[in-house]
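Structural features, examined
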Amino acid sequence: MSTNTLKRAAVPSLAAGLLLAAFAAPAAAQAPSDSTATRVDNAVTVSVRGATPNPVKLRVDSGGNLIVEDSSGITAGPGCTRSGTGNTAVNCGPSSTVTRLTVALADAT
């Protein structure tokens, strides 16, 4: 699994939208399609996984909150809450206080 870490200076770029393509292993070797976003203090971690390539989008909503979306489904871990009516977006609180953003992508095979 590879990990990318973005510092606070990168957070404003989220307002324009950050699109990450996550490429997953074959279904037989992969856990259920579900990513997770968590927030501990000012650090947000997004773990992306899935049986098929799935785009993950991080954005800042009109209220200034960091929204993490995964079209294959995402779980709201500690510090984040479900956003909207489906299971494809979570709200991880004020983007202005995020000082560390870590995105762990599934390795492509």
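Here's what I pulled together on the structure shown here. Treat the numbers as computed from the prediction; the structure is a model and nothing was measured.

Some details on the overall build of the chain
- Looking only at helices and strands, the chain features zero helices and 10 strands.
- Start at the N end of the chain and walk to the C end: the helices and strands fall as β-β-β-β-β-β-β-β-β-β.
- Relative to its 109 residues, the chain shows a buried fraction of 34%.
- Taking all contacts inside the chain whose residues are at least 6 apart in sequence as the whole, residues at least 24 apart take part in 63%.
- When the accessible surface of the chain is split by element, carbon and sulfur atoms take 57% of a total near 5,500 Å².

Here's the deal with the state of the cysteines
- As enumerated under the stated definition, the model contains one disulfide in all.
- Between the sulfur atoms of C80 and its disulfide mate C92 the distance is 2.1 Å. Around the S-S axis, the bridge from C80 to C92 shows a dihedral of about 105 degrees and counts as right-handed. Of this pair, C80 sits in the loop between β7 (74-76) and β8 (81-82) while C92 is found in strand β9 (residues 89-94), placing the two residues 12 residues apart along the sequence. Each member of the pair, C80 as well as C92, is classed as buried.

A short note on the environment of P94
- Within the secondary structure layout, P94 lies in strand β9.
- Distance from P94 to N65, taken between C-alpha atoms, is 4.3 Å for residues 29 residues apart in sequence.
- Leave out the neighbours within four places in its chain, and P94 touches R39, G64 and N65.

Quick notes on the environment of N42
- One can find N42 in the loop between β3 (35-40) and β4 (43-47).
- For N42, a relative accessible area of 33% translates into the label partly exposed.
- C-alpha of N42 to C-alpha of V98: the two residues are 56 residues apart in sequence and 4.7 Å apart in space.
- Dropping the residues within four chain positions of it, N42 is found in contact with T97, V98, T99 and R100.

Each value, and the rule that gives it
Residues numbered from 1 in each chain as written. Predicted model: local features only at pLDDT ≥ 70, side-chain atom pairs only at ≥ 80, totals over all residues. Heavy atoms only, no water. Helix = DSSP H or I, 4+ residues; strand = E, 2+ residues; numbered from the N terminus. Buried < 20%, exposed > 50% of the residue type's maximum accessible area, 1.4 Å probe, protein only. Contact = heavy atoms within 4.5 Å. Areas by Shrake-Rupley, 256 points an atom, 1.4 Å probe, with all protein chains shown as cover. Disulfide = S-S within 2.5 Å.

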